[in-house]
Amino acid sequence: MVVDRRTVVKSMVASLFAAAAPAQSYEVPSSPLTEKRFRIWDVHSHLGAMLGNTPEDRLELLIRHMDRLGIERVILSQGFEEFEYHPSPEQVRIENDRVMRAVKRFPDRAYGSLYISPDNVDFCLEEFDRCVRDGPMISIGEIETDVRCNSPVFDPIVERAVALNVPIYQHTWMNSLGNGPGDSTPFDLVELARRHPQGKFVCMHTGGNWELGIRAIRDCKNISAEIAGSDPTAGFTEMAVRELGPERIVYGTQERRVQLASGVEGRARGERSGEVASGLG
């Protein structure tokens, strides 16, 4: 049985991505790190991290890693090109098409998330209708670094998401050397979320500096924390649970450039200083 997409969206939003919807059963490889009573969904993954000539090939490789870790489902975004600054509408459409191709091939293991650039809001709304309202995608983002997310240009995008009860994944980072002009922080996301109290947001990476990021979003109840992209430091998840509650924490791997050497999985490495994937390697 394949899960109905609208049912999944309602289920995910109701508890901010708690894996409550029924899923197709499959055998998970035994692992000392995985207990059968837990269901693991990875909300932050990119096909650009995988080798392969087609979207289908790349997702098939990613699923091999998922099986190794006991991950049931994954949410994909951004196609092949990660960190593409100011992509053209044509580039955005190509990457969304790649994700939808991959998801169509493995509908019981993967969902798609809409890739957009707020540089062109009208086009963003067209892509939302094509890929989410009329297509298989279930969320927006990870929205990257073209425009800070507290900008008013985001408002029409959030309003469209609220209308269909669709969550938004916002990339956030706090660079110790200073952010670029389009880089969003958890504080920027709080501004946006407070303007749209009915919206559902995920603070991707929890800003990188998670001790500060967790505190930044603590009082904004419609923002959840996502734990990928920082060094795997002891205490991150424990602090997030203590400060936010477990219902506001979502799991992501954000794997980077995984390579196979003689059939053995390579170590996933971050392309930015301080970004290390959770779970792989």
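> What am I meant to see in the packing of aromatic side chains here?
Remark: the centre distance and the inter-plane angle together describe each pair of aromatic rings, the angle taken between the planes. Counted according to the given criterion, the structure contains two aromatic pairs. Here Trp41 and Tyr111 contribute two aromatic rings whose centre-to-centre distance is 6.0 Å and whose plane-to-plane angle is 50 degrees, an arrangement assigned as tilted. Taken as a pair, Trp41 in strand E1 (residues 40-45) and Tyr111 in strand E3 (residues 110-114) lie far apart in primary sequence, 70 residues in all. By the burial criterion, Trp41 is buried, and Tyr111 matches it. Seen in terms of ring centroids, Trp210 and Phe236 are 4.9 Å apart; in terms of plane orientation they differ by 10 degrees. Their pairing is stacked. Of the two residues, Trp210 is situated in helix H7 (residues 210-217) and Phe236 in helix H8 (residues 236-244); the sequence distance between them amounts to 26 residues. One exposure class covers both Trp210 and Phe236, and it is buried. The ring of Phe80 carries the charged tip of Arg58 above its face, separated from the ring centre by 3.7 Å. For the cation-ring pair, Arg105 lies above Phe106, with the distance from its terminal atom to the ring centre recorded as 4.4 Å.

> Would you explain the environment of Phe38 in this entry?
For Phe38, the position within the fold is in the loop between helix H1 (5-14) and E1. For the pair formed by Phe38 and Ile71, sequence separation is 33 residues and the distance between their alpha carbons is 9.7 Å.

> Where do I start with the nonpolar core in this structure?
Membership of the largest hydrophobic core comes to 56 residues, with the highest contact counts inside it found for Leu59, Leu76, Leu114, Ile140, Phe201 and Ile223. Leave out the neighbours within four places in its chain, and Ile223 touches Leu189, Val190, Ala193, Phe201, Cys203, Ile217 and Arg248. If you look at the next biggest cluster of nonpolar residues, it comprises nine residues, including Trp41, Val43, Ile75 and Tyr169.

> Even after reading the chapter, I still don't get helix H6 (residues 186-195), so can you show me in this structure?
Residues lying three or four places apart along an α-helix face the same way, a consequence of the helix completing one turn every 3.6 residues. Residues Pro186, Asp188, Leu189, Val190, Leu192 and Ala193 constitute the buried set of H6. In the core, the buried residues of H6 are packed alongside helix H5 (155-163), strand E5 (168-171), strand E6 (201-204), H7 and strand E7 (223-226).

> I'm lost on the sheet that holds E6 in this one. Help?
Backbone hydrogen bonds hold the strands of a sheet together, and the pairing may be parallel or antiparallel. Read across the sheet, eight strands follow the order E1-E2-E3-E4-E5-E6-E7-E8 without closing on themselves; strand pairing throughout is parallel. Where the open sheet ends on each side, the last strands, each with one partner, are E1 and strand E8 (249-250). As paired elements, E3 and strand E4 (residues 139-143) share two bridges and run parallel to each other. Paired with Ser113 across the bridge in E4 is Ser139.

> I tried to follow the packing of helix H2 (residues 55-69) against helix H3 (residues 89-105) on my own but got confused; where do I start?
The angle between the axes and the distance between the axes are what describe a pair of packed helices. At their nearest, the axes of H2 and H3 sit 8 Å apart, and the two run at 60 degrees to each other. The angle between H2 and H3 falls in the class oblique. Judged by the twist between their axes, the crossing of H2 over H3 is right-handed. Between H2 and H3, the contacting residues are Pro55, Glu56 and Leu59 on the first element and Arg98, Arg101, Ala102, Val103 and Arg105 on the second. Per-class residue counts for the contact of H2 with H3 are four nonpolar, no polar and four charged.

> Got a minute to help me understand the environment of Gly135 in this structure?
Inspection of the secondary structure puts Gly135 in the loop between helix H4 (121-133) and E4. Gly135 sits in the buried class, given a relative accessible area of 13%.

> Hey, could you run me through the pattern of salt bridges in this one?
A side chain with one charge can pair with a side chain of the opposite charge if their charged atoms come near. Summed over all chains, the structure comprises 15 salt bridges. Between Glu95 and Arg98 there is a salt bridge, and its shortest N-O distance comes to 2.9 Å. On the criterion of helical spacing, the pair formed by Glu95 and Arg98 is a turn pair, its members being three residues apart in helix H3. The closest approach of N and O atoms between Asp134 and Arg133, which form a salt bridge, is 2.8 Å. Here the salt bridges share partners, and the residues they tie into one network are Arg93, Asp97, Glu127 and Arg130.

Parameters at a glance
Residues numbered from 1 in each chain as written. Predicted model: local features only at pLDDT ≥ 70, side-chain atom pairs only at ≥ 80, totals over all residues. Heavy atoms only, no water. Phe/Tyr/Trp six-rings, centres within 6.5 Å; stacked < 30°, edge-to-face > 60°. Helix = DSSP H or I, 4+ residues; strand = E, 2+ residues; numbered from the N terminus. Buried < 20%, exposed > 50% of the residue type's maximum accessible area, 1.4 Å probe, protein only. Lys NZ or Arg CZ within 6 Å of the ring centre and 35° of its normal. Core = buried A, V, L, I, M, F, W, Y, C linked by side-chain atoms within 4.5 Å. Contact = heavy atoms within 4.5 Å. Pairing = 2+ DSSP bridges. Axes fitted to C-alpha atoms, helices over the stretch in contact; angles between N-to-C directions. Parallel < 35°, antiparallel > 145°, perpendicular 65-115°, else oblique. Left-handed = near helix turned anticlockwise from the far one by under 90°. Nonpolar A, V, L, I, M, F, W, Y, C, P; charged D, E, K, R; others polar. Salt bridge = Lys/Arg side-chain N within 4 Å of Asp/Glu carboxyl O.

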